[in-house]
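# Analysis of the macromolecular model
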Amino acid sequence: MPTSRRTPLAVAAATAALLLPLAACSSSSGSGASGDAQRLRVVMAFPPAQAMSPYGDDAVTLSRLAVIEGLTTLDRNGAAEPALATSWKQDNPTTWTFTLRDAVFQDGTKVDADAVVRSLTAAGKASPLPRVLSDTPLTATAAGPGTVRIVTKGEDPLLPQRLANPSLTILSAGAYENGRANPAGHATGPFTLTGVKGAVSATLERNADYWGGKAKAPGVDVTFAADGTARANALRTKTVDVAEYVPIAQASLLGDSYVHEFPSARTNGLSLNTVRGVFADPAMRAAAREAIDSKALVDGVYEGRADTAKGLLGPGIPWAAGKRTAPTGRTPAASLEEVAETKKIVLATYTNRPELPEVATLVQQQLEKRGFTVEQVVRDYAQMEADALAGKYDAFIQARNTLLDTADPVSYLASDFTCDGSFNISQLCDKDVDAAVDKAASLRATDARHSAGMTAEAAVLGADALVPLVHERFVQGYDDARVEGVALDPMERTLITADTHVG
């Protein structure tokens, strides 16, 4: 059975590979070169996949390393706050005006309206198009040297939150060459990306001209290590100061002083194929849902470092629990005998998150106890995404950040569970769900939008398109006796900040 466990020799090899680039970074640009403070050493979980392009997943890495910024940022509740824009107002349902901050790029050029227009226009022309723009095209024009007017195709009450997405970062003119956007030296964050060695390492230097004040660390030496055990071992041996996403299996070995866990906006769920195979029958989906024991997953796989599933939105979204309503329109579950007569189902998940293969093994056992015959498929996510989106699996376990694109769960519900959704792994197309999501999306008042979103959640859960498994807690690793200022962000957009430093 596929598993995420590795042999001691494999782990040792991974750790040794991790140590070499870190040692090289320290020797070439260590604290002695900067004089006033010690450089940070950070190991990240996901190596660059698009050469640090801001238009893919690498944008999140750049955001977490405090390299890039947009017009806005988000507070803990997902509301927009000023970043490169100091204020904004909505002129009419489709038009907004943003006033810019007095700031300069890392190459010394000024942040002005032309730069913002150039960056947002480039993002809108990128291929593939950033997911945050897939349902809301926008047009930016200069309304003055320090003022930008943005017009959306339709009414978009979430535009200020949307502009906080890392893919909509603002870069200087020098970033754009040969149809590509290169953030190195052309962004506005407290740290400047000065070098990238493929998928191995990166070097950041303090941006002395940062509008928010000088960063406390003179620079950051970054290593990328997909293997979670290697990241934990690097922290344990003090080869790094901060380790991103410590695996649950390593957390207890590191000890409480190194482990910092907090609720996330990520829900791990079992997507059931609603249009083909066994789970096209809602009674079979109901039987699968009844088979799942969330507490057994929390205790057995996550060692108590997760929360039992309550719905699509977990404790990382503080307001959700108080607005949750019971699922609506559920079909009674098929009997044990009816389930036993069905064909074999294919249960798939990916290796990139080390707990998921173990979750799949336990879920398989729970489904088999309910009478299903299960075949398990586990591979790297990049090898599976296209097939999952095409509905080629009967059931798919994924860890989904429900606030990833706009910090608004209605956007997640629309992309994952509506007929035209761009990330609809369950293939769900249900008029009641679409109507509930559309109603929530039409509301501008935050409280009303949240309430309507939970009504839409109840409709999705009633269709049994996705069975919530657990709500993840993030585990970041650092020695709290030495390292200060690490951001513990449920939305996964920040980690290193201008305040992060070795004390």
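So, how was this worked out
- Residues numbered from 1 in each chain as written.
- Predicted model: local features only at pLDDT ≥ 70, side-chain atom pairs only at ≥ 80, totals over all residues.
- Heavy atoms only, no water.
- Core = buried A, V, L, I, M, F, W, Y, C linked by side-chain atoms within 4.5 Å.
- Buried < 20%, exposed > 50% of the residue type's maximum accessible area, 1.4 Å probe, protein only.
- Helix = DSSP H or I, 4+ residues; strand = E, 2+ residues; numbered from the N terminus.
- Contact = heavy atoms within 4.5 Å.
- Polar contact = N/O pair within 3.5 Å; in protein donor to acceptor, adjacent residues only side chain to side chain.
- Pairing = 2+ DSSP bridges.
- Axes fitted to C-alpha atoms, helices over the stretch in contact; angles between N-to-C directions.
- Phe/Tyr/Trp six-rings, centres within 6.5 Å; stacked < 30°, edge-to-face > 60°.
- Lys NZ or Arg CZ within 6 Å of the ring centre and 35° of its normal.
- Disulfide = S-S within 2.5 Å.

To continue, consider the nonpolar core. Of all hydrophobic cores here, the largest spans 58 residues; its most connected members are Leu71, Leu120, Ile150, Leu163 and Ile496. Residue assignment for this core shows that the elements contributing at least two residues are strand E1 (40–44), strand E5 (95–100), helix H4 (113–125), strand E6 (138–144), strand E7 (147–152), strand E10 (191–197), strand E11 (201–206) and strand E12 (219–224). Among the elements that take part in this core, H4 stands out by supplying seven residues, more than any other. Not counting the four nearest positions on each side in its chain, leucine 120 is found in contact with Leu71, Leu138, Ala140, Ile150, Leu163, Leu168 and Ile170. Counting 57 residues, the second-largest nonpolar core is a separate cluster that includes Met284, Ala287, Val467 and Val470.

Okay, the side chain of asparagine 165 next. Take asparagine 165: it is sitting in the loop between helix H5 (159–162) and strand E8 (176–177). A residue is classified by how much of its surface remains accessible, and asparagine 165, at 6% relative accessible area, is buried. A polar side-chain atom of asparagine 165 sits 2.9 Å from the main-chain amide nitrogen of serine 167. In this structure asparagine 165 touches Val132, Leu404, Asp405 and Arg493, once residues within four positions along its chain are discounted.

On to the sheet that holds E5. Strand order in the open sheet formed by four strands is E4-E5-E7-E6, and the pairing between neighbours is antiparallel. The sheet terminates laterally at strand E4 (85–92) and E6, the two strands that pair on one side only. Taken over all neighbouring pairs, the strand axes of this sheet differ in orientation by 25° on average, direction set aside. Here E6 runs beside E7; their pairing, made up of six bridges, is antiparallel. Bridged to glycine 144 within E7 is threonine 147. Packed onto the sheet, H4 meets E5, E6 and E7 and runs at close to 170° relative to E6.

Before going further, it helps to examine the packing of aromatic side chains. Under the defined criterion, the tally for this structure stands at 10 aromatic pairs. Arranged with centres 5.6 Å apart and planes meeting at 70°, the rings of phenylalanine 262 and phenylalanine 474 form a pair that is edge-to-face. Note that phenylalanine 262 is positioned in strand E14 (residues 259–272) and phenylalanine 474 in strand E19 (residues 466–478), a separation of 212 residues in sequence. Its relative accessible area of 2% is what places phenylalanine 474 among the buried residues. The rings of Phe46, Tyr245, Phe262 and Phe474 are connected pair by pair, giving a single aromatic cluster. The cationic tip of arginine 101 hangs over the ring face of tryptophan 211; the distance from NZ or CZ to the ring centre is 3.9 Å.

Attention shifts here to the state of the cysteines. Taken as a whole and judged by the stated rule, the model has one disulfide. Here cysteine 419 pairs with cysteine 429 through a disulfide, and the sulfurs are 1.9 Å apart. Between cysteine 419 and cysteine 429, the S-S dihedral sits near 95°, and the bridge is therefore right-handed. With cysteine 419 in the loop between helix H14 (409–417) and helix H15 (431–442) and cysteine 429 in the loop between H14 and H15, this pair connects stretches of sequence that are 10 residues apart.

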